[in-house]
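# Examining the three-dimensional arrangement
The residues making up each chain are set out below.
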Amino acid sequence: MDRPARQRLRTQLALLSPGTALRDGLDRIVHGRTGALVVLGRNEAVDALVTGGFPIDVPLTATSLRELAKMDGAILLDAGLERIVHAGAHLMPDAATPTTEAGTRHRTADRMARQTGIPTVSVSASMSSIALFLDGYRYPLQRPEQLLSAANQALATLARYRDRLTDDTRALTALEVQDAVTVEDVTVVARRIELVNRLAEEIADIVVELGTDGRLVALQLQELTAGVPETADALARDYGTGESRLKLAALSELSTEELLDAGLIARRIKLVPGTLDARLPARGYRQLAQLGRLPEGVADRLVEHFGSLQALLGASTPELMSVPGVDYQVVRLLRDGLARLTEASYPSA
């Protein structure tokens, strides 16, 4: 699923999340075991496929949705999903529209969504389940307790991924101070960042689907991903070519198996061509970001002036102060911070 389709799905899941009148009504239909077919919007394509039933114009409430579902036929909502505009409708999508669904209600819902572009929900009476059909996909809606269980497992996995990312970035820092970074070392951190981002996106989907029940999960997700975008940005600036940054976003196109190929990662993110054991100089953005409290713009000017972390480490006080915005206080901060990084990179025996 591409990013626009994923965002469209998230939007619909938010409208169907627990705590909304629509989801409350669908849950009541499930418990009543009557089944339902609900079209989540209206356009000319939908109107062309609707016959029979009767037009109405009443506010969407859980009770009204449940009562109308007791009748045969589909229920149509307005574009804002705030009012019920038609009930008891017979939907007539083109039977030639391809679908892999078996049940009559599910087939109709899938074909309606494909032909009209309007999301459609099918409630199965026999399976006591709710399914959203959108952009050719069938997305089963899970109960809140199922979603919370999946979220907790995903959060535990994300915590492990984040710990490994922290370990890998520390190892990269040590290699940068020692001027021993290779292409493969950078791909390791890039891979970790992509894995963290992928799992975080999956959890974000669960948070959307949980609605008001997902606040605690959202807080934990925010805590576990804090600083990751900044790490990714600094890595992209440290090892990009010229004015270009590494294309870390391109890793989202790779499968999980392809992410194991360091050479493929290096090519996708536009890392400097060469063998995996080729040495790479670090510019120093990430190390300067770790120091903190630097005046705005000073880190960029330092990297632009010295060109590499090694040159910055070897710079004298007069050389440092020749950079605009760097005074004795900034020099002392740089000296202390870089010294700590250097000491941490050479652990005592």
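Here the structure is a predicted model, which is why all the values come from computation and not from measurement.

Following both chains from N to C, one finds helix H6 (residues 144-177) and helix H8 (residues 215-225) inclined at 10 degrees, their axes separated by 10 Å at the closest point. As judged from the angle between their axes, H6 and H8 are roughly parallel. Contact with H6, carried on its side by Leu 148, Ala 151, Leu 155, Leu 158, Ala 159 and Arg 162, involves Val 217, Gln 220, Leu 221, Glu 223, Leu 224 and Thr 225 of H8 and no other residues of that element. For the contact of H6 with H8, a count of residues per class yields 8 nonpolar, 2 polar and 2 charged.

Under the definition given, this model contains 18 salt bridges. Notably, a salt bridge pairs Arg 8 with Asp 135, separated by 3.2 Å at the nearest N-O pair. Placement of Arg 8 in helix H1 (residues 3-15) and of Asp 135 in the loop between strand S7 (129-134) and strand S8 (137-141) is noted, with a sequence separation of 127 residues between them. Residue classification places Arg 8 among the partly exposed positions, given a relative accessible area of 31%. The exposure class assigned to Asp 135 is partly exposed, which follows from its relative accessible area of 38%. In this structure, a network of salt bridges that share partners links the residues Arg 6, Arg 10, Glu 201 and Asp 205.

A few words now on the side chain of His 86. Structurally, His 86 can be placed in strand S5 (residues 83-91). A polar side-chain atom of His 86 sits 3.4 Å from the main-chain amide nitrogen of Phe 54. Once residues within four sequence positions are removed from consideration, His 86 is found in contact with Arg 42, Val 50, Gly 52, Gly 53, Phe 54, Pro 55, Ile 56, Ala 74, Ile 75 and Leu 76.

This next bit is on H1. Compared with an ideal rise of 1.5 Å per residue, which puts 13 residues at 18 Å, H1 spans 19 Å between its outermost C-alpha atoms and is within 8% of the ideal. In the core, the buried residues of H1 are packed alongside S7, S8 and helix H7 (183-210).

Covered by surrounding structure in strand S1 (residues 36-39) are Ala 36 and Val 38 together with Leu 37 and Val 39, the residues of both alternating faces. In this sheet, strand S4 (residues 74-77) lies alongside S1 in parallel orientation, the contact comprising 2 bridges. In the sheet register, Val 38 faces S4, and the bridge partner there is Ile 75.

So, about the environment of Glu 253. Here Glu 253 shows up in the loop between helix H9 (228-239) and helix H10 (262-268). Given a relative accessible area of 60%, Glu 253 falls into the exposed group. As a C-alpha pair, Glu 253 and Gln 153 span 100 residues in sequence and 25 Å in three-dimensional space. If near-sequence neighbours (up to four positions away) are discounted, Glu 253 is found in contact with Glu 258 and Arg 268. A polar atom in the side chain of Glu 253 sits 3.4 Å from the side chain of Arg 268.

A word on the packing of aromatic side chains. Taken as a whole and judged by the stated rule, the model has 0 aromatic pairs. Positioned above the aromatic ring of Tyr 285, the side-chain terminus of Arg 237 is 3.9 Å from the ring centre.

Definitions and cut-offs
Residues numbered from 1 in each chain as written. Predicted model: local features only at pLDDT ≥ 70, side-chain atom pairs only at ≥ 80, totals over all residues. Heavy atoms only, no water. Axes fitted to C-alpha atoms, helices over the stretch in contact; angles between N-to-C directions. Helix = DSSP H or I, 4+ residues; strand = E, 2+ residues; numbered from the N terminus. Parallel < 35°, antiparallel > 145°, perpendicular 65-115°, else oblique. Contact = heavy atoms within 4.5 Å. Nonpolar A, V, L, I, M, F, W, Y, C, P; charged D, E, K, R; others polar. Salt bridge = Lys/Arg side-chain N within 4 Å of Asp/Glu carboxyl O. Buried < 20%, exposed > 50% of the residue type's maximum accessible area, 1.4 Å probe, protein only. Polar contact = N/O pair within 3.5 Å; in protein donor to acceptor, adjacent residues only side chain to side chain. Expected span 1.5 Å × (residues − 1). Pairing = 2+ DSSP bridges. Phe/Tyr/Trp six-rings, centres within 6.5 Å; stacked < 30°, edge-to-face > 60°. Lys NZ or Arg CZ within 6 Å of the ring centre and 35° of its normal.

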